[in-house]
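Listed below, chain by chain, are the residues.
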2 protein chains.
Amino acid sequence: MQQYFSTKKENKILYLNNDDLNHIKNVMRMKENDKVIVVYKDKSYICKLNKDLLSCEIQEIFKEKEDNISFKAYIPLLNEDKMKFILMHGTELGITEFIVVSYQRCKYKLPKKDYEKKLIRWNKIVKEASEQSYRIYKPIVKGILELDKIQDGSNVKILCSLDKENVKHISEVLTTNNINDTISMSFGPEGGLTNEEEKYFETIGFIKTSLGSTILRTETVPLFIASIRKYLRKED
Amino acid sequence: MQQYFSTKKENKILYLNNDDLNHIKNVMRMKENDKVIVVYKDKSYICKLNKDLLSCEIQEIFKEKEDNISFKAYIPLLNEDKMKFILMHGTELGITEFIVVSYQRCKYKLPKKDYEKKLIRWNKIVKEASEQSYRIYKPIVKGILELDKIQDGSNVKILCSLDKENVKHISEVLTTNNINDTISMSFGPEGGLTNEEEKYFETIGFIKTSLGSTILRTETVPLFIASIRKYLRKED
(Lines give C-alpha, C1' and ligand atoms only; values in the text may rest on other atoms or scores of the structure.)
Protein backbone atom coordinates (compact mmCIF):
# COMPACT_ATOMS: atom_id res chain seq x y z
CA MET A 1 0.00 0.00 0.00
CA GLN A 2 1.17 3.50 -0.77
CA GLN A 3 1.56 6.02 2.05
CA TYR A 4 0.79 9.75 1.94
CA PHE A 5 0.99 12.58 4.47
CA SER A 6 -2.10 14.64 5.28
CA THR A 7 -2.35 17.94 7.11
CA LYS A 8 -6.14 18.24 7.26
CA LYS A 9 -8.68 16.03 8.99
CA GLU A 10 -12.41 16.42 9.41
CA ASN A 11 -14.03 13.63 11.43
CA LYS A 12 -13.12 10.45 9.56
CA ILE A 13 -12.00 12.22 6.38
CA LEU A 14 -8.34 12.95 5.63
CA TYR A 15 -7.43 15.38 2.87
CA LEU A 16 -4.54 14.93 0.45
CA ASN A 17 -2.84 17.54 -1.72
CA ASN A 18 -2.49 18.01 -5.45
CA ASP A 19 0.93 16.34 -5.67
CA ASP A 20 -0.57 13.27 -4.02
CA LEU A 21 -3.55 13.38 -6.37
CA ASN A 22 -1.20 13.38 -9.32
CA HIS A 23 0.72 10.43 -7.86
CA ILE A 24 -2.48 8.51 -7.06
CA LYS A 25 -3.97 9.07 -10.52
CA ASN A 26 -1.00 8.99 -12.85
CA VAL A 27 1.67 6.93 -11.13
CA MET A 28 -0.30 4.47 -9.01
CA ARG A 29 -3.39 4.52 -11.26
CA MET A 30 -5.63 4.02 -8.26
CA LYS A 31 -9.36 4.62 -8.16
CA GLU A 32 -12.26 5.11 -5.75
CA ASN A 33 -12.24 2.68 -2.80
CA ASP A 34 -8.61 1.68 -3.29
CA LYS A 35 -6.73 1.60 -0.01
CA VAL A 36 -3.91 3.89 1.01
CA ILE A 37 -2.05 4.57 4.23
CA VAL A 38 -2.27 8.17 5.38
CA VAL A 39 -0.28 9.82 8.14
CA TYR A 40 -1.99 12.54 10.15
CA LYS A 41 -0.11 14.05 13.07
CA ASP A 42 1.48 11.20 15.05
CA LYS A 43 -0.52 8.25 13.72
CA SER A 44 -1.08 6.55 10.41
CA TYR A 45 -4.34 5.10 9.13
CA ILE A 46 -5.53 2.65 6.52
CA CYS A 47 -7.99 4.66 4.41
CA LYS A 48 -10.31 4.17 1.46
CA LEU A 49 -10.02 6.69 -1.35
CA ASN A 50 -13.04 8.85 -2.07
CA LYS A 51 -14.23 9.47 -5.61
CA ASP A 52 -12.36 12.79 -5.89
CA LEU A 53 -9.07 10.95 -5.05
CA LEU A 54 -8.19 14.04 -3.04
CA SER A 55 -9.68 12.79 0.20
CA CYS A 56 -10.15 9.44 1.88
CA GLU A 57 -12.03 7.85 4.72
CA ILE A 58 -10.29 6.32 7.73
CA GLN A 59 -10.90 2.57 8.10
CA GLU A 60 -8.53 1.68 10.90
CA ILE A 61 -5.31 2.69 12.61
CA PHE A 62 -2.19 1.37 10.86
CA LYS A 63 0.56 2.60 13.17
CA GLU A 64 -0.19 4.04 16.56
CA LYS A 65 3.23 5.25 17.50
CA GLU A 66 6.77 5.59 16.29
CA ASP A 67 9.88 6.54 18.14
CA ASN A 68 10.98 10.02 17.37
CA ILE A 69 14.10 10.36 19.48
CA SER A 70 16.55 12.69 17.79
CA PHE A 71 19.13 10.83 15.65
CA LYS A 72 21.22 13.27 13.65
CA ALA A 73 23.71 12.69 10.87
CA TYR A 74 26.13 15.41 9.78
CA ILE A 75 26.79 14.42 6.20
CA PRO A 76 29.47 15.81 3.91
CA LEU A 77 28.26 17.52 0.75
CA LEU A 78 28.49 14.74 -1.86
CA ASN A 79 27.37 14.34 -5.43
CA GLU A 80 23.67 13.89 -6.11
CA ASP A 81 23.76 10.07 -6.34
CA LYS A 82 25.49 9.65 -3.01
CA MET A 83 23.30 12.24 -1.32
CA LYS A 84 20.22 10.43 -2.56
CA PHE A 85 21.63 7.12 -1.37
CA ILE A 86 22.24 8.39 2.16
CA LEU A 87 18.95 10.28 2.44
CA MET A 88 16.87 7.40 1.12
CA HIS A 89 18.41 4.56 3.11
CA GLY A 90 19.12 6.72 6.16
CA THR A 91 15.40 7.55 6.31
CA GLU A 92 14.47 3.88 6.15
CA LEU A 93 16.89 3.13 8.96
CA GLY A 94 15.61 5.80 11.32
CA ILE A 95 17.74 8.94 10.98
CA THR A 96 15.61 11.95 12.01
CA GLU A 97 17.78 14.84 10.87
CA PHE A 98 20.38 15.20 8.13
CA ILE A 99 22.67 18.22 8.34
CA VAL A 100 24.74 18.75 5.22
CA VAL A 101 28.20 20.20 5.86
CA SER A 102 30.77 21.54 3.43
CA TYR A 103 34.12 20.04 4.54
CA GLN A 104 37.59 20.85 3.21
CA ARG A 105 37.93 17.53 1.36
CA CYS A 106 34.48 17.65 -0.25
CA LYS A 107 35.23 17.37 -3.95
CA TYR A 108 31.71 18.29 -4.87
CA LYS A 109 31.06 22.02 -4.64
CA LEU A 110 27.80 23.88 -4.86
CA PRO A 111 27.36 27.63 -5.36
CA LYS A 112 25.43 29.29 -2.52
CA LYS A 113 22.65 30.35 -4.86
CA ASP A 114 21.78 26.66 -5.44
CA TYR A 115 21.51 25.74 -1.75
CA GLU A 116 17.80 26.39 -1.47
CA LYS A 117 16.91 24.45 -4.60
CA LYS A 118 18.96 21.47 -3.41
CA LEU A 119 17.41 21.52 0.05
CA ILE A 120 13.96 21.38 -1.49
CA ARG A 121 15.02 18.41 -3.59
CA TRP A 122 16.67 16.59 -0.68
CA ASN A 123 13.62 17.11 1.54
CA LYS A 124 11.48 15.65 -1.23
CA ILE A 125 13.70 12.54 -1.30
CA VAL A 126 13.26 11.95 2.45
CA LYS A 127 9.51 12.56 2.16
CA GLU A 128 9.23 9.86 -0.50
CA ALA A 129 11.49 7.50 1.45
CA SER A 130 9.33 8.04 4.56
CA GLU A 131 6.23 7.16 2.57
CA GLN A 132 7.84 4.04 1.18
CA SER A 133 9.01 2.78 4.56
CA TYR A 134 5.78 3.79 6.37
CA ARG A 135 7.51 6.23 8.68
CA ILE A 136 5.20 8.60 10.52
CA TYR A 137 7.84 11.24 11.10
CA LYS A 138 9.49 12.72 8.04
CA PRO A 139 13.15 13.46 8.71
CA ILE A 140 14.38 16.95 7.94
CA VAL A 141 17.36 17.92 5.78
CA LYS A 142 19.20 21.10 6.76
CA GLY A 143 22.31 22.97 5.68
CA ILE A 144 24.55 23.56 3.95
CA LEU A 145 26.61 24.51 7.01
CA GLU A 146 30.18 25.60 7.46
CA LEU A 147 31.94 23.60 10.18
CA ASP A 148 32.13 26.42 12.73
CA LYS A 149 28.36 26.84 12.69
CA ILE A 150 27.85 23.37 14.18
CA GLN A 151 26.66 23.12 17.77
CA ASP A 152 25.19 19.88 19.03
CA GLY A 153 23.22 18.96 22.13
CA SER A 154 22.90 15.18 21.69
CA ASN A 155 23.77 12.79 24.52
CA VAL A 156 25.93 10.51 22.38
CA LYS A 157 28.15 12.15 19.75
CA ILE A 158 30.04 9.87 17.40
CA LEU A 159 32.91 11.18 15.28
CA CYS A 160 33.92 8.48 12.79
CA SER A 161 37.67 8.62 12.38
CA LEU A 162 40.22 6.73 10.30
CA ASP A 163 42.84 7.17 13.03
CA LYS A 164 44.16 4.04 14.69
CA GLU A 165 45.15 5.67 17.97
CA ASN A 166 43.17 7.56 20.59
CA VAL A 167 39.93 6.18 19.22
CA LYS A 168 37.23 4.10 20.83
CA HIS A 169 35.70 1.22 18.93
CA ILE A 170 32.07 1.75 17.87
CA SER A 171 31.06 -1.22 20.05
CA GLU A 172 32.16 0.79 23.10
CA VAL A 173 30.58 4.04 21.97
CA LEU A 174 27.12 2.78 21.01
CA THR A 175 25.73 0.24 23.48
CA THR A 176 22.48 -0.98 24.97
CA ASN A 177 23.17 1.43 27.86
CA ASN A 178 22.89 4.59 25.79
CA ILE A 179 20.74 3.46 22.89
CA ASN A 180 17.68 5.37 24.07
CA ASP A 181 19.62 8.62 24.23
CA THR A 182 19.72 11.25 21.51
CA ILE A 183 22.55 10.45 19.10
CA SER A 184 24.56 12.44 16.56
CA MET A 185 27.15 11.17 14.13
CA SER A 186 29.67 12.87 11.89
CA PHE A 187 31.99 11.43 9.25
CA GLY A 188 34.16 12.73 6.46
CA PRO A 189 34.02 12.64 2.67
CA GLU A 190 36.47 10.42 0.76
CA GLY A 191 39.88 10.95 2.41
CA GLY A 192 38.26 11.67 5.77
CA LEU A 193 37.96 14.81 7.82
CA THR A 194 41.07 16.95 8.26
CA ASN A 195 42.79 17.02 11.67
CA GLU A 196 41.41 20.49 12.17
CA GLU A 197 37.87 19.35 11.45
CA GLU A 198 38.19 16.36 13.79
CA LYS A 199 39.54 18.70 16.49
CA TYR A 200 36.52 20.96 16.10
CA PHE A 201 34.12 18.05 16.62
CA GLU A 202 36.11 16.89 19.65
CA THR A 203 35.91 20.38 21.11
CA ILE A 204 32.12 20.25 20.99
CA GLY A 205 32.04 16.82 22.65
CA PHE A 206 32.20 14.26 19.84
CA ILE A 207 34.00 10.99 20.65
CA LYS A 208 36.61 9.85 18.12
CA THR A 209 35.36 6.45 17.02
CA SER A 210 36.77 3.65 14.89
CA LEU A 211 34.45 1.54 12.75
CA GLY A 212 37.10 -1.18 12.28
CA SER A 213 39.90 -1.78 9.81
CA THR A 214 37.77 -2.57 6.78
CA ILE A 215 37.35 0.76 5.05
CA LEU A 216 33.73 1.74 4.49
CA ARG A 217 32.72 4.08 1.72
CA THR A 218 31.49 7.47 2.91
CA GLU A 219 27.91 6.66 2.00
CA THR A 220 27.99 3.30 3.83
CA VAL A 221 29.01 4.82 7.16
CA PRO A 222 25.66 6.39 8.18
CA LEU A 223 23.78 3.23 7.18
CA PHE A 224 26.14 1.09 9.23
CA ILE A 225 25.59 3.21 12.34
CA ALA A 226 21.84 3.56 11.77
CA SER A 227 21.58 -0.23 11.39
CA ILE A 228 23.34 -0.74 14.72
CA ARG A 229 20.99 1.70 16.42
CA LYS A 230 17.90 0.08 14.93
CA TYR A 231 19.15 -3.32 16.08
CA LEU A 232 20.08 -2.27 19.62
CA ARG A 233 16.77 -0.44 20.08
CA LYS A 234 14.98 -3.69 19.21
CA GLU A 235 12.44 -1.68 17.28
CA ASP A 236 9.28 -3.57 16.48
CA MET B 1 46.29 3.65 -1.57
CA GLN B 2 44.92 1.33 -4.22
CA GLN B 3 44.73 -2.41 -3.53
CA TYR B 4 45.37 -5.23 -6.03
CA PHE B 5 45.36 -9.02 -5.78
CA SER B 6 48.44 -11.01 -6.72
CA THR B 7 48.81 -14.73 -7.39
CA LYS B 8 52.57 -14.90 -7.84
CA LYS B 9 55.36 -14.11 -5.38
CA GLU B 10 59.11 -14.53 -5.66
CA ASN B 11 61.00 -13.53 -2.52
CA LYS B 12 60.00 -9.90 -1.93
CA ILE B 13 58.50 -9.39 -5.39
CA LEU B 14 54.75 -9.63 -6.04
CA TYR B 15 53.48 -9.86 -9.62
CA LEU B 16 50.37 -8.14 -10.92
CA ASN B 17 48.38 -8.92 -14.05
CA ASN B 18 47.63 -7.00 -17.22
CA ASP B 19 44.27 -5.70 -16.01
CA ASP B 20 46.01 -4.24 -12.97
CA LEU B 21 48.73 -2.76 -15.16
CA ASN B 22 46.10 -1.02 -17.23
CA HIS B 23 44.42 0.31 -14.07
CA ILE B 24 47.75 1.45 -12.58
CA LYS B 25 48.85 3.21 -15.77
CA ASN B 26 45.68 4.61 -17.23
CA VAL B 27 43.25 5.03 -14.35
CA MET B 28 45.50 5.73 -11.37
CA ARG B 29 48.33 7.22 -13.48
CA MET B 30 50.90 5.84 -11.04
CA LYS B 31 54.60 5.48 -11.73
CA GLU B 32 57.70 3.71 -10.46
CA ASN B 33 58.07 3.79 -6.65
CA ASP B 34 54.42 4.74 -6.04
CA LYS B 35 52.89 2.70 -3.25
CA VAL B 36 50.12 0.14 -3.59
CA ILE B 37 48.59 -2.46 -1.32
CA VAL B 38 48.83 -5.99 -2.67
CA VAL B 39 47.09 -9.08 -1.34
CA TYR B 40 48.92 -12.39 -1.64
CA LYS B 41 47.31 -15.47 -0.12
CA ASP B 42 46.04 -14.52 3.36
CA LYS B 43 47.97 -11.30 3.96
CA SER B 44 48.22 -7.88 2.37
CA TYR B 45 51.38 -5.83 1.94
CA ILE B 46 52.35 -2.25 1.31
CA CYS B 47 54.51 -2.40 -1.84
CA LYS B 48 56.55 -0.07 -4.06
CA LEU B 49 55.88 -0.34 -7.79
CA ASN B 50 58.75 -1.46 -10.00
CA LYS B 51 59.54 0.29 -13.25
CA ASP B 52 57.56 -2.22 -15.33
CA LEU B 53 54.45 -1.44 -13.21
CA LEU B 54 53.68 -5.15 -13.46
CA SER B 55 55.51 -6.10 -10.31
CA CYS B 56 56.25 -4.49 -6.98
CA GLU B 57 58.46 -4.91 -3.96
CA ILE B 58 57.09 -5.66 -0.51
CA GLN B 59 57.86 -2.93 2.02
CA GLU B 60 55.83 -4.07 5.01
CA ILE B 61 52.79 -6.06 6.03
CA PHE B 62 49.55 -4.07 5.81
CA LYS B 63 47.02 -6.58 7.14
CA GLU B 64 48.08 -9.78 8.81
CA LYS B 65 44.74 -11.46 9.14
CA GLU B 66 41.08 -11.14 8.37
CA ASP B 67 38.14 -13.16 9.52
CA ASN B 68 36.84 -15.43 6.86
CA ILE B 69 33.96 -17.13 8.62
CA SER B 70 31.26 -18.00 6.12
CA PHE B 71 28.54 -15.33 5.90
CA LYS B 72 26.15 -16.05 3.05
CA ALA B 73 23.40 -13.97 1.51
CA TYR B 74 20.79 -15.49 -0.76
CA ILE B 75 19.79 -12.52 -2.85
CA PRO B 76 16.84 -12.28 -5.21
CA LEU B 77 17.65 -11.60 -8.85
CA LEU B 78 17.24 -7.81 -9.12
CA ASN B 79 17.99 -5.22 -11.75
CA GLU B 80 21.60 -4.32 -12.37
CA ASP B 81 21.63 -1.19 -10.19
CA LYS B 82 20.29 -3.00 -7.16
CA MET B 83 22.56 -6.02 -7.69
CA LYS B 84 25.55 -3.70 -7.85
CA PHE B 85 24.39 -1.91 -4.72
CA ILE B 86 24.10 -5.13 -2.71
CA LEU B 87 27.34 -6.65 -4.01
CA MET B 88 29.38 -3.51 -3.45
CA HIS B 89 28.15 -2.59 0.00
CA GLY B 90 27.69 -6.20 1.10
CA THR B 91 31.37 -6.80 0.30
CA GLU B 92 32.41 -3.79 2.38
CA LEU B 93 30.33 -5.05 5.28
CA GLY B 94 31.76 -8.56 5.31
CA ILE B 95 29.48 -10.89 3.31
CA THR B 96 31.61 -13.79 2.01
CA GLU B 97 29.22 -15.41 -0.46
CA PHE B 98 26.34 -14.09 -2.53
CA ILE B 99 23.97 -16.67 -3.99
CA VAL B 100 21.56 -15.21 -6.53
CA VAL B 101 18.13 -16.87 -6.56
CA SER B 102 15.28 -16.49 -9.00
CA TYR B 103 12.12 -16.17 -6.88
CA GLN B 104 8.51 -16.08 -8.05
CA ARG B 105 8.10 -12.35 -7.38
CA CYS B 106 11.36 -11.29 -9.04
CA LYS B 107 10.23 -8.78 -11.66
CA TYR B 108 13.60 -8.81 -13.32
CA LYS B 109 14.13 -11.84 -15.53
CA LEU B 110 17.28 -13.05 -17.20
CA PRO B 111 17.51 -15.64 -19.98
CA LYS B 112 19.67 -18.63 -19.00
CA LYS B 113 22.15 -17.90 -21.77
CA ASP B 114 23.10 -14.64 -20.01
CA TYR B 115 23.80 -16.20 -16.62
CA GLU B 116 27.49 -16.74 -17.18
CA LYS B 117 28.11 -13.23 -18.50
CA LYS B 118 26.30 -11.75 -15.51
CA LEU B 119 28.20 -13.88 -13.02
CA ILE B 120 31.49 -12.67 -14.48
CA ARG B 121 30.32 -9.09 -14.16
CA TRP B 122 29.04 -9.54 -10.60
CA ASN B 123 32.29 -11.21 -9.53
CA LYS B 124 34.17 -8.25 -10.99
CA ILE B 125 32.07 -5.88 -8.88
CA VAL B 126 32.93 -7.75 -5.65
CA LYS B 127 36.60 -7.89 -6.63
CA GLU B 128 36.70 -4.12 -7.06
CA ALA B 129 34.74 -3.58 -3.84
CA SER B 130 37.21 -5.86 -2.00
CA GLU B 131 40.10 -3.81 -3.33
CA GLN B 132 38.47 -0.56 -2.30
CA SER B 133 37.70 -1.73 1.22
CA TYR B 134 41.07 -3.50 1.66
CA ARG B 135 39.52 -6.92 2.14
CA ILE B 136 41.93 -9.84 1.85
CA TYR B 137 39.27 -12.38 0.92
CA LYS B 138 37.25 -11.70 -2.19
CA PRO B 139 33.65 -12.82 -1.75
CA ILE B 140 32.22 -15.12 -4.39
CA VAL B 141 28.99 -14.64 -6.35
CA LYS B 142 27.13 -17.80 -7.38
CA GLY B 143 23.87 -18.67 -9.06
CA ILE B 144 21.44 -18.19 -10.54
CA LEU B 145 19.67 -20.90 -8.53
CA GLU B 146 16.13 -22.17 -8.48
CA LEU B 147 14.76 -22.37 -4.95
CA ASP B 148 14.74 -26.16 -4.69
CA LYS B 149 18.47 -26.32 -5.40
CA ILE B 150 19.26 -24.53 -2.13
CA GLN B 151 20.82 -26.54 0.68
CA ASP B 152 22.52 -24.73 3.52
CA GLY B 153 24.84 -25.87 6.29
CA SER B 154 25.26 -22.63 8.26
CA ASN B 155 24.78 -22.56 12.04
CA VAL B 156 22.49 -19.52 12.02
CA LYS B 157 19.95 -19.23 9.21
CA ILE B 158 17.91 -16.06 9.00
CA LEU B 159 14.79 -15.88 6.84
CA CYS B 160 13.63 -12.25 6.71
CA SER B 161 9.85 -12.25 6.69
CA LEU B 162 7.16 -9.57 6.51
CA ASP B 163 4.83 -11.70 8.63
CA LYS B 164 3.80 -10.34 12.01
CA GLU B 165 3.10 -13.70 13.63
CA ASN B 166 5.27 -16.72 14.29
CA VAL B 167 8.40 -14.69 13.73
CA LYS B 168 11.33 -13.97 16.01
CA HIS B 169 12.77 -10.48 16.18
CA ILE B 170 16.24 -10.09 14.63
CA SER B 171 17.58 -9.09 18.07
CA GLU B 172 16.73 -12.61 19.31
CA VAL B 173 18.07 -14.39 16.23
CA LEU B 174 21.44 -12.68 15.91
CA THR B 175 23.16 -12.17 19.25
CA THR B 176 26.60 -12.03 20.84
CA ASN B 177 26.14 -15.74 21.65
CA ASN B 178 26.10 -16.92 18.05
CA ILE B 179 27.97 -14.14 16.27
CA ASN B 180 31.07 -16.27 15.67
CA ASP B 181 29.03 -18.96 13.97
CA THR B 182 28.55 -19.33 10.24
CA ILE B 183 25.52 -17.30 9.16
CA SER B 184 23.17 -17.35 6.17
CA MET B 185 20.39 -14.94 5.35
CA SER B 186 17.58 -14.95 2.82
CA PHE B 187 15.05 -12.27 1.92
CA GLY B 188 12.56 -11.63 -0.83
CA PRO B 189 12.32 -9.21 -3.72
CA GLU B 190 9.75 -6.38 -3.56
CA GLY B 191 6.52 -7.91 -2.25
CA GLY B 192 8.44 -10.54 -0.27
CA LEU B 193 8.85 -14.26 -0.67
CA THR B 194 5.71 -16.32 -1.34
CA ASN B 195 4.36 -18.57 1.45
CA GLU B 196 5.65 -21.54 -0.47
CA GLU B 197 9.15 -20.06 -0.69
CA GLU B 198 9.19 -19.19 3.02
CA LYS B 199 8.04 -22.74 3.81
CA TYR B 200 10.93 -24.16 1.77
CA PHE B 201 13.47 -22.13 3.72
CA GLU B 202 11.85 -23.16 7.01
CA THR B 203 12.07 -26.80 5.94
CA ILE B 204 15.83 -26.48 5.54
CA GLY B 205 16.23 -24.84 8.95
CA PHE B 206 15.86 -21.11 8.38
CA ILE B 207 14.27 -19.10 11.23
CA LYS B 208 11.46 -16.76 10.27
CA THR B 209 12.71 -13.37 11.40
CA SER B 210 11.19 -9.89 11.65
CA LEU B 211 13.35 -6.83 11.06
CA GLY B 212 10.77 -4.51 12.69
CA SER B 213 7.75 -2.62 11.44
CA THR B 214 9.57 -0.03 9.36
CA ILE B 215 9.67 -1.52 5.89
CA LEU B 216 13.18 -1.80 4.46
CA ARG B 217 13.80 -1.87 0.74
CA THR B 218 15.02 -5.22 -0.57
CA GLU B 219 18.51 -3.88 -1.15
CA THR B 220 18.75 -2.40 2.37
CA VAL B 221 18.03 -5.72 4.10
CA PRO B 222 21.42 -7.44 3.57
CA LEU B 223 23.29 -4.28 4.56
CA PHE B 224 21.23 -3.97 7.73
CA ILE B 225 22.03 -7.55 8.76
CA ALA B 226 25.69 -7.32 7.71
CA SER B 227 26.04 -4.13 9.76
CA ILE B 228 24.66 -5.86 12.84
CA ARG B 229 27.10 -8.74 12.38
CA LYS B 230 30.07 -6.42 11.91
CA TYR B 231 29.07 -4.54 15.05
CA LEU B 232 28.49 -7.60 17.22
CA ARG B 233 31.75 -9.20 16.11
CA LYS B 234 33.57 -6.05 17.29
CA GLU B 235 35.82 -6.31 14.27
CA ASP B 236 38.97 -4.23 14.52
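In this text, all values refer to a predicted model and were calculated from it rather than measured experimentally.

Criteria and thresholds
- Along every chain, residues carry numbers that run from 1 in the direction the sequence is written.
- Each chain is given a letter, starting from A, and each ligand a number, starting from 1, according to the order in which they appear as written.
- Owing to the predicted nature of the model, reporting of local features is limited to residues with pLDDT of at least 70; listing and counting of side-chain atom pairs is limited to 80 or more, with chain, interface and lining totals taken over all residues.
- Hydrogens and waters are ignored; side-chain quantities use all the structure's heavy atoms.
- Comment: elements are numbered from the N terminus, with helices defined as DSSP H or I runs of at least four residues and strands as E runs of at least two.
- The buried label applies to any residue whose accessible area, calculated with a 1.4 Å probe on protein chains only, is under 20% of its type's maximum; exposed applies above 50%, and partly exposed to all values in between.
- Using a 1.4 Å probe, accessible areas were evaluated by the Shrake-Rupley method; residue-level cover was limited to the displayed protein chains.
- All tallies of charge rest on Lys and Arg as positive and Asp and Glu as negative; His and the ends of each chain are not included.
- Lys charges are placed at NZ, Arg charges at CZ, Asp charges at CG and Glu charges at CD.
- The rule for pairing is simple: two strands pair if DSSP sees at least two bridges between them.
- In this description, a line fitted to the C-alpha atoms serves as the axis of each element, helices being fitted only across the stretch in contact, and the angle between N-to-C directions of two axes falls anywhere from 0 to 180 degrees.
- Here, residues are in contact when the closest pair of their heavy atoms is within 4.5 Å.
- Buried area: the accessible area, evaluated with a 1.4 Å probe, that two parts lose upon being put together, summed over both parts.
- A pairing counts as a salt bridge when a side-chain nitrogen of Lys or Arg comes within 4 Å of a carboxyl oxygen of Asp or Glu.
- Our superposition of the copies is a least-squares fit, built on the C-alpha atoms of residues whose pLDDT is at least 70 in both.
- Definitions for this section: a left-handed crossing has its near helix turned counterclockwise from the far helix by less than a right angle. A right-handed crossing has that turn clockwise.
- Residues are grouped as follows: Ala, Val, Leu, Ile, Met, Phe, Trp, Tyr, Cys and Pro are nonpolar; Asp, Glu, Lys and Arg are charged; every other residue, Gly included, is polar.

Turning our eyes to something else, we now look at the overall build of chain A. Scanning chain A for helices and strands turns up six helices and 13 strands. By the burial criterion, 56% of the 236 residues in chain A qualify as buried. Here chain A has roughly 11400 Å² of accessible surface; of this, 46% comes from carbon and sulfur atoms. Treating the 40 positive side-chain charges of chain A as one cloud and the 35 negative ones as another, the clouds have centres 3 Å apart.

The next point concerns the sheet that holds strand E1 (residues 3–6) of chain B. All names here are of chain B. Pairing in this open sheet of six strands is mixed, and the strands run E1-E4-E5-E6-E3-E2 from one edge to the other. Bordering the open sheet on either side are E1 and strand E2 (8–10), each of which pairs with just one other strand. The mean angle between the axes of side-by-side strands here comes to 45°, regardless of whether they run parallel or antiparallel. Relative to strand E6 (residues 55–63), strand E5 (residues 43–49) is paired through six bridges, and the arrangement is antiparallel. Residue pairing in the sheet places Leu49 in a bridge with Cys56 of E6.

A word on the interface of chain A and chain B. In this assembly, 34 residues from chain A lie in contact with 34 residues from chain B. When chain A packs against chain B, close to 3100 Å² is buried across both sides, 59% of that on carbon and sulfur atoms. Together, A:Glu92, A:Arg217 and A:Tyr231 form the three largest contributors to the area buried by chain A at its contact with chain B, with a combined 23%. Summed over the shared surface of chain A and chain B, the result is two salt bridges. Residue B:Glu92 is joined to A:Arg217 by a salt bridge in which the shortest nitrogen-to-oxygen separation is 3.4 Å.

Let us now look at the relation of the copies chain A and chain B. Overlaying chain A on chain B yields an RMSD of 0.0 Å, the required transformation being a rotation through 180° with an accompanying axial translation of 0.0 Å. The symmetry that links the two subunits is that of a two-fold axis. Here 100% of the contact residues of chain A are again contact residues in chain B; the copies associate through an equivalent surface.

Residues and elements named next belong to chain B. Here strand E3 (residues 13–15) runs beside E6; their pairing, made up of three bridges, is antiparallel. Bridged to Leu14 within E6 is Cys56. The turn joining E5 and E6, which pair antiparallel and follow one another in sequence, is formed by five residues; a positive phi near 60° is taken by Leu53.

Moving on, we come to the pairing of strand E13 (residues 207–210) of chain B. Pairing geometry for strand E10 (residues 156–160) of chain B and E13(B), over three bridges, is parallel. Paired with B:Cys160 across the two strands is B:Thr209, which belongs to E13(B).

Before going further, it helps to spend a moment on the pattern of salt bridges. Residues and elements named next belong to chain B. Under the definition given, this model contains 30 salt bridges over all chains. In this structure, Glu66 and Lys63 form a salt bridge, with 3.0 Å as the shortest nitrogen-oxygen distance. The pair formed by Glu66 and Lys63 is uniform in burial state, with each residue classed as buried.

What follows deals with the sheet that holds strand E11 (residues 168–169) of chain A. Residue and element names in this part refer to chain A. Judged by pairing direction, the sheet is parallel, and its seven strands sit side by side in the order E9-E8-E7-E12-E10-E13-E11 without closing on themselves. Single-partner strands in this sheet number two, and they are strand E9 (140–145) and E11. Relative to strand E12 (residues 183–186), strand E7 (residues 71–76) is paired through four bridges, and the arrangement is parallel. The partner of Phe71 across the bridge, within E12, is Ile183. Strand contacts of helix H2 (residues 80–92): E7, strand E8 (97–101) and E9, with the helix running at about 160° to E8, the strand carrying the most contacts.

Residue and element names in this part refer to chain A. In the contact formed by H2 and helix H3 (residues 115–132), the axes pass within 8 Å of each other and the chain directions differ by 35°. Regarding H2 and H3, the two cross each other, and that crossing is right-handed. Seen from H2, the contacting residues are Glu80, Met83, Lys84, Leu87, Met88 and Thr91; seen from H3, they are Lys118, Arg121, Trp122, Ile125, Val126, Ala129 and Ser130. Its residues assigned to classes, the contact of H2 with H3 shows seven nonpolar, two polar and four charged.

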